[in-house]
Amino acid sequence: MKTRVVLAEDNALLRHGLVRLVQAAEDLTLVGSAADLPTLLGLIETETPDVVVTDIRMPPTHTDEGISVAARLRTERPDMGVVLLSQYAEASSARA
């Protein structure tokens, strides 16, 4: 059984690269990709992925959208995995 993945990254070049990586993996199935928080939330509801790979900061506010989603999923869907992406070297955001 393949792991169902949703990707969220506002940088189009990086998002497309991640899409290609997931599509190339034999044990993963990409069920959606998003460039912003509203699209990500919609995909989580409609696709019910096993794992969400999300940027920490993305539209609409570019602050902590990914962290907020991770915290929400920890409470509402504890079986759903979350991987946080960031271009920043500070681990404090991910630890939150």
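Here's a quick rundown of the structure. (Residues numbered from 1 in each chain as written. Predicted model: local features only at pLDDT ≥ 70, side-chain atom pairs only at ≥ 80, totals over all residues. Heavy atoms only, no water.)

**Concerning the sheet that holds strand β4 (residues 81-85)**
As summarised here, the arrangement of the four strands in space is β2-β1-β3-β4, forming an open sheet in which the pairing is parallel. Two strands in the sheet have a free side with no partner beyond their single neighbour: β2 (28-34) and β4. The mean inter-strand angle of the sheet, taken between neighbouring strand axes irrespective of direction, is 20°. Summarising the sheet, strand β1 (residues 3-8) and β2 pair through six bridges and their orientation is parallel. Each residue of the ladder has a partner; that of Val 6, found in β2, is Gly 32. Across the sheet, helix α1 (residues 12-24) lies against β1, β2 and β4, angled at about 160° from β2, the strand it touches most. Each of β3 (51-55) and β4 touches helix α3 (residues 65-76); the most contacted strand, β4, lies at about 165° to it. (Pairing = 2+ DSSP bridges. Helix = DSSP H or I, 4+ residues; strand = E, 2+ residues; numbered from the N terminus. Axes fitted to C-alpha atoms, helices over the stretch in contact; angles between N-to-C directions. Contact = heavy atoms within 4.5 Å.)

**What to know about α1**
In a regular helix each residue adds 1.5 Å, so 13 residues correspond to 18 Å; α1 covers 18 Å between its end C-alpha atoms and thus fits that length. Three or more residues of α1 are buried, namely Arg 15, Leu 18, Val 19 and Val 22. Each buried residue of α1 lies within a common arc of 105° when the element is viewed along its axis, so the set occupies one face. Looking at α1, the residues exposed on the side facing more than 90 degrees away from the buried face are Leu 13, Arg 20, Leu 21 and Ala 24. Buried residues belonging to α1 abut β1, β2 and β4. (Expected span 1.5 Å × (residues − 1). Buried < 20%, exposed > 50% of the residue type's maximum accessible area, 1.4 Å probe, protein only. Arc of directions from axis to C-beta.)

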